[in-house]
Amino acid sequence: MSYPATMQDSLNLCVATRERRMTETFPRATADAKETLLKGFHPDYRAETFAALHVGPNAGDRTPRELAQLLEADSALPEFPGPRSSVPGLSLDKPDYDCDVLIIGGGGAGCSAAIMADTAGARVMIATKLRLGDANTMMAQGGIQAADKDVDSPAIHYLDVMGGGHFANTPDLVEALVADAPEVIGWLEDLGAMFDKNPDGSMKTIHGGGTSRRRMHTARDYTGAEIMRTLRDEVRSRSDIMLLEFSPAVELLTDTKGAVTGAVLQNLNLNRYSVVRAKVVIIATGGSGRLHYQGFPTSNHYGATGDGLVLAYRAGAHLAFIDTMQYHPTGAAFPQQILGLLVTEKVRSIGAQLVNSEGNQFIFPLETRDVVASAIIRECQGGRCVTTPTAVQGVWLDTPMIEIRRGAGTVKRELPAMVRQFGRHGIDIAKEPMLVYPTLHYQNGGVEITADCATNVPDLLVAGEASGGVHGRNRLMGNSLLDVVVFGRRAGVAAAKLAKERTGDLELGLSHVERWRKELAAKGLGSDIKSPLLLPDYTRKS
Amino acid sequence: MADTHLVDIYITGERHRVPDSLTILQAYEYAGYKLVRGVGCRGGFCGACATVYRLPGDYHLKFALACQTKVEPNMQLAMVPFYPANRSTYRLSDLKGEAKEVLDLYPELLRCYGCNTCTKSCPQDIDVLGYVSAIVRGDLAAAADISFDCIMCGLCVSRCPAELVKHNAALLSRRIYGRNLAPKSEHLARRREEIKAGKFKAELAAAKKQSKDELKKRYAERDIEPGE
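Predicted model, so just to flag it, every value in this text is computed and none were measured. (Residues numbered from 1 in each chain as written. Chains lettered and ligands numbered in written order. Predicted model: local features only at pLDDT ≥ 70, side-chain atom pairs only at ≥ 80, totals over all residues.)

It is worth spelling out the overall build of chain A at this point. A count of helices and strands for chain A gives 17 helices and 22 strands. Within chain A, buried positions represent 62% of all 542 residues. Within chain A, residue pairs in contact and separated by at least 24 positions form 75% of the contacts whose partners lie at least 6 positions apart. (Helix = DSSP H or I, 4+ residues; strand = E, 2+ residues; numbered from the N terminus. Buried ≥ 20, exposed ≤ 12 C-beta atoms within 10 Å, placed from the backbone. Contact = placed C-beta atoms within 7 Å.)

The first and last C-alpha atoms of helix 9 (residues 223-237) of chain A sit 21 Å apart over 15 residues, in line with the 21 Å expected at 1.5 Å per residue. With 14 of its 15 residues buried, helix 9 of chain A lies for the most part within the structure. (Expected span 1.5 Å × (residues − 1).)

This next bit is on the domain arrangement of chain A. All names here are of chain A. Each assigned domain of chain A is listed here: domain 1 (5-41 + 327-440) and domain 2 (111-271 + 280-324 + 444-515). The centre of domain 1, based on its C-alpha atoms, is set 30 Å off from the matching centre of domain 2. Each partner contributes residues to the interface: domain 1 has 25 residues there, and domain 2 has 25 residues. If you list the elements that add at least two residues to the side of domain 1 that touches domain 2, you get strand 14 (325-332), helix 11 (346-349), helix 12 (369-381), helix 15 (416-423) and strand 18 (434-443). Residues that form the side of domain 1 that touches domain 2 fall into these classes: 12 nonpolar, 7 polar and 6 charged. (Domains from an automatic or database assignment. Nonpolar A, V, L, I, M, F, W, Y, C, P; charged D, E, K, R; others polar.)

Right, let's talk about the interface of chain B and chain A for a bit. With 64 residues of chain B at the contact, the number on the chain A side is 66 residues. Those elements giving two or more residues to the side of chain B that touches chain A turn out to be helix 1 (24-31), helix 7 (166-181), helix 8 (186-196), helix 9 (201-209) and helix 10 (212-221) of chain B. A total of 7 residues in the side of chain B that touches chain A trace back to one element, the largest contributor, which is helix 7 of chain B. Across the side of chain B that touches chain A, the residue classes break down as 29 nonpolar, 13 polar and 22 charged.

We now examine helix 10 (residues 307-314) of chain A. Residue and element names in this part refer to chain A. Counting buried positions along helix 10 yields 8 of 8 residues, so the element is predominantly enclosed. Among the residues of helix 10, Asp307, Gly308, Leu309, Val310, Leu311, Ala312, Tyr313 and Arg314 are the ones counted as buried. Gly316 sits one or two residues past helix 10 and shows a positive phi near 105 degrees.

A separate point is the packing of helix 3 (residues 31-41) of chain A against helix 12 of chain A. Residues and elements named next belong to chain A. Direction vectors running N to C along helix 3 and helix 12 enclose 60 degrees, while the axes themselves pass 9 Å from each other. Between helix 3 and helix 12, the angle is such that the two are oblique. Seen from above, helix 3 lies across helix 12 with left-handed handedness. Residue-level inspection shows Lys34, Leu37, Leu38, Gly40 and Phe41 of helix 3 in contact with helix 12, the latter providing Asp370, Val371, Ser374, Ala375, Ile377 and Arg378. Residue composition of the contact of helix 3 with helix 12, grouped by class: 6 nonpolar, 2 polar and 3 charged. (Axes fitted to C-alpha atoms, helices over the stretch in contact; angles between N-to-C directions. Parallel < 35°, antiparallel > 145°, perpendicular 65-115°, else oblique. Left-handed = near helix turned anticlockwise from the far one by under 90°.)

Looking now at the confidence of the model for chain B. The predicted model of chain B has a mean per-residue pLDDT of 96, with 99% of residues at 70 or higher. This prediction of the complex comes with two scores: 0.97 for pTM and 0.98 for ipTM. (pLDDT = per-residue confidence, 0-100.)

This brings us to the pairing of strand 18 of chain A. Residue and element names in this part refer to chain A. Across the 10 residues that make up strand 18, a large majority, 10, are buried. Strand direction decides the pairing type here: strand 14 and strand 18, joined by 6 bridges, are antiparallel. Within the sheet, the bridge partner assigned to Gly331 lies in strand 18 and is Tyr437. Where strand 17 (residues 393-398) lies against strand 18, 3 bridges are found, and the strand directions are antiparallel. Counterpart to Val395 in the pairing with strand 18 is Val436. (Pairing = 2+ DSSP bridges.)

With that settled, the discussion passes to the domain arrangement of chain B. Think of interface size as the accessible area that goes away when the parts come together; that is how it is often given. Residues and elements named next belong to chain B. Under the domain assignment used here, chain B contains domain 1 (6-79) and domain 2 (92-181). Placing a centre on the C-alpha atoms of domain 1 and another on those of domain 2 gives a separation of 28 Å. With 7 residues of domain 1 at the interface, the matching set in domain 2 holds 7 residues. Looking at the side of domain 1 that touches domain 2, the element that brings in the most residues is strand 4 (residues 62-65), giving 3 residues. Classifying every residue of the side of domain 1 that touches domain 2 by side-chain character gives 6 nonpolar, 1 polar and no charged.

Through backbone hydrogen bonds, the strands of a sheet pair up, either in parallel or in antiparallel fashion. Residues and elements named next belong to chain B. In space, the 5 strands of this open sheet follow the order 2-1-5-3-4, with mixed pairing throughout. On the outer flanks of this sheet lie strand 2 (14-19) and strand 4, each paired with one strand and no other. Across this sheet, the average inter-strand angle for adjacent strands is 35 degrees, counted without regard to direction. The pairing of strand 3 (residues 50-54) with strand 5 (residues 76-79) spans 4 bridges and is classified as antiparallel. By the bridge assignment for strand 5, Tyr53 is matched with Leu77. Strands in contact with helix 1 are strand 1 (6-11), strand 2, strand 3, strand 4 and strand 5; relative to strand 2, the strand with the most contacts, it is inclined by about 110 degrees.

Quick look at the pairing of strand 5 (residues 124-127) of chain A now. Residue and element names in this part refer to chain A. Residues Val124 and Ile126 point to one face of strand 5 and Met125 and Ala127 to the other, with burial holding for every one of them. Two elements, strand 4 (residues 97-104) and strand 5, share 4 bridges in a ladder whose sense is parallel. Of the residues in strand 5, the one forming a bridge with Ile104 is Ala127. With 3 bridges joining them, strand 5 and strand 9 (residues 242-244) adopt parallel strand pairing. Its bridge partner lying in strand 9, Met125 is registered against Met242.

Moving on: the nonpolar core. Counting residues in each nonpolar core, the largest one holds 238 residues, and the members touching the most others are Val101, Ile282 and Ala495 of chain A. No other element matches the 11 residues that helix 16 (residues 479-501) of chain A contributes to this core. (Core = buried A, V, L, I, M, F, W, Y, C linked by C-beta atoms within 7 Å.)

See below:
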C-alpha cells in the first residue's frame, strides 16, 4: 500500500468508479464556459500577484511580482563611475573571446541555432549557465507537434495554435511555427533522433490538449531528452563551435547606437568575468519557472530563472505577453519528494481521466492546459480534492485506465519515465492513480520577436521560451519542443546572415547599464536586488 | 510538517542532521550547499546528480540520482557530477550508417568481459551490458531500444573495469539507427516536399488575414479527429 491511510477512502472511490467512468466521455467545454473557468480560477487572473513595471520599454505593463522585481533590479556588475574599463576584472578593450555569433544558452533553441549558424559558416560560440543541454528541453516528455499526416495540414495546425492561445498569438510567428514543423521533424531525424514509429515507418501520433488532429510525435516519454541529446551531440561533433559551460551571461554589451556587440560572462566555477565580442547575439536562455510565481512549485530546470529577459530588457528590448504564465495541469502532488515535477500530458492523451475526490470526472481531459489547470483548482477550492499528509491538495489522474483501454504493459512501454519517477517512491502507476495539482510550467511570453527572431534591439536575436508571441496567452502541448527547434534554426540562419553584413570595428560598451541605473535612480528604485538571478537559493536559512 | 524525523547523513564525510523525508539533493540544500555542480533538471532526466553511497554494515556500493532518491539513516555519500568520458570524433552525416561503424569509432567495446557491473550501477535500471552486447553483435535496433532511456549520468562509465565509455557508444548507435536504419516515414517525406513546393502558402496567408471573430468561429466549428 503506497498511499497513506488518510488518502485511502478517496483512492478507493477512484477505483470503485473506474468501471463506470470507462464508458463516460466528459463533454468539451463551450467557449463561454472556458472563459468563466479561466476568469474564476486561473492564476493569471489573480490581479494582486502582479505588479506594474515602472521603467524600461514595458513601463506600465503588468507582470508577476517576482519577475517585475528582477526586471527592475540593478545590474550585478560593479559600479563603474569612471571610464568603462575601470570595472574590476573586466577589460572591454581586450575581449577574451571573439566570434561572429554568440549564443547565450545551450538548450534546444541554442543548440539548434548553433548548428545552423555553423553550417552557414559563422564563427559560433555557445555560453551556457550549466552544462550543454541543461535545459527545459531535456525535461519535456510528451511530444512535438507537426502536421505531417495526410488528414492534417499546417493550416489546421495554425487554427489549433491560435485557438489555444486565445487568438492573441502573433500570426507571423504561428505561420513560421506550423510551416516549418514537418521540416523540423525531418531535420531531427536526419540528425539521428528517434521518434516512435509503426513498423511501416509511419509516425505514431497522438492527440494533445487542444489539438484537432493527432499530430503529437513522441519518443516514449523522453521526447525532449531524445531531441536534446541528439542536438547536443551534433554540436559537439562540430569542432568549430566554441563552447563555454558554467558561464552565464550577466550583461550584454552595446555600442553607442544601442546595437548589441557581445556580452559579459561570469564563470561560476571561478567567479571570474570574461568578455565576448560578437557581431550578433542570440538569447536562448529559456524560461523562469524557478521564480516560483505565486508560490507555485515548478516542473522547470534548476537554471530557469529568466536571465535572458533581464539582459534583453536592460538593453532596451520590448517584451510581450509577460502577464501570462502556463501552469501545467498535472504536476505531481504526492509524494512530497517529487512535488511539482511534471506528469506528462501524454498520460491523458493515451487515456487517463482526471477524477476528483468524489470519484467523478470534472473536465474533458484534453482541453487546453489553462482550462484543465483552472478546473483542477476549482475542484480543490470546492473541497472535492484529496489532501496529503504534508497538506498538499490534488486530484486523481487515473493511470490504470490506460492499461484497461490499451492492454497490459502499455504504461511501461509508453511512460517509462513516469513509471520510474513514481516507482522510486513505491507507486506503481499501472495499478494505482497519481495525485496531481497544477505546477508552474512555462513562460508564455518573453522578448518580442519577428519570424526571423529579430528584436527591436539591433543585432540581438531571441529564440525559444525566452521569446514571446508565438503561443499567445497559452501554449499547446508539443508546441514548445517545436518552438525551440523552429526558431532556434531560424535564429541561427538569420544571425549568420547578419554577421556577414556587419563590417567594421565593434565597439564594446556598457552605456545601456549606466543609463539603466540612472532611470532606476530617477524612479527611486535603486534597490539592493541584483539581476540576473542565475540560480535559485534553496539552502535552509537558519 | 507535523512529524519530522531527523536522520544523520554524511556528505563527503561530514555529518548533517536532516529530515528523513528529503531527497539527497534536498538534503544537500538543507545542509547549506548552494549547488552549481551536481544539480540540473531535478526531475530525473539530465543525469547531473549521479551519486554513490554506502550504508552501515553493508559492503555494497550503491548508486542513485540525488534528485530521485530519499535519504537513509547514516548513509555515506558523495556526488559524481562529472566523470571523464571520451567521445569519438565523427560527423554523423559523414558516416555510411552501418552498425560496424560504432565499433570502428569505439573499438574498445570489444574489450568488454561481461562482468555486468555497468548494469548493476545504472540508476535507470537499464540493461547496459545488454546494449553493449547488441552493439558488439551489430544489432543497433536492439542497442537503440535497450539504451533509449539512458540519461548519460556516467555511473556505468565510472564503474567499468574495462574502461568503456558506453553511454557515448549508445548515443552513436541511436543516432545511426534513427538516421539510417529506422523505417522511413513516407507521409513525412511527402509533406516536406509539399511544403518546399509552397503548397500551403496561400491557405496560411489567408488564415493570417482572418479577423479574430472569423477565426473563433472556425475554431469552434472545426472537426476533431477521433482518438485511436
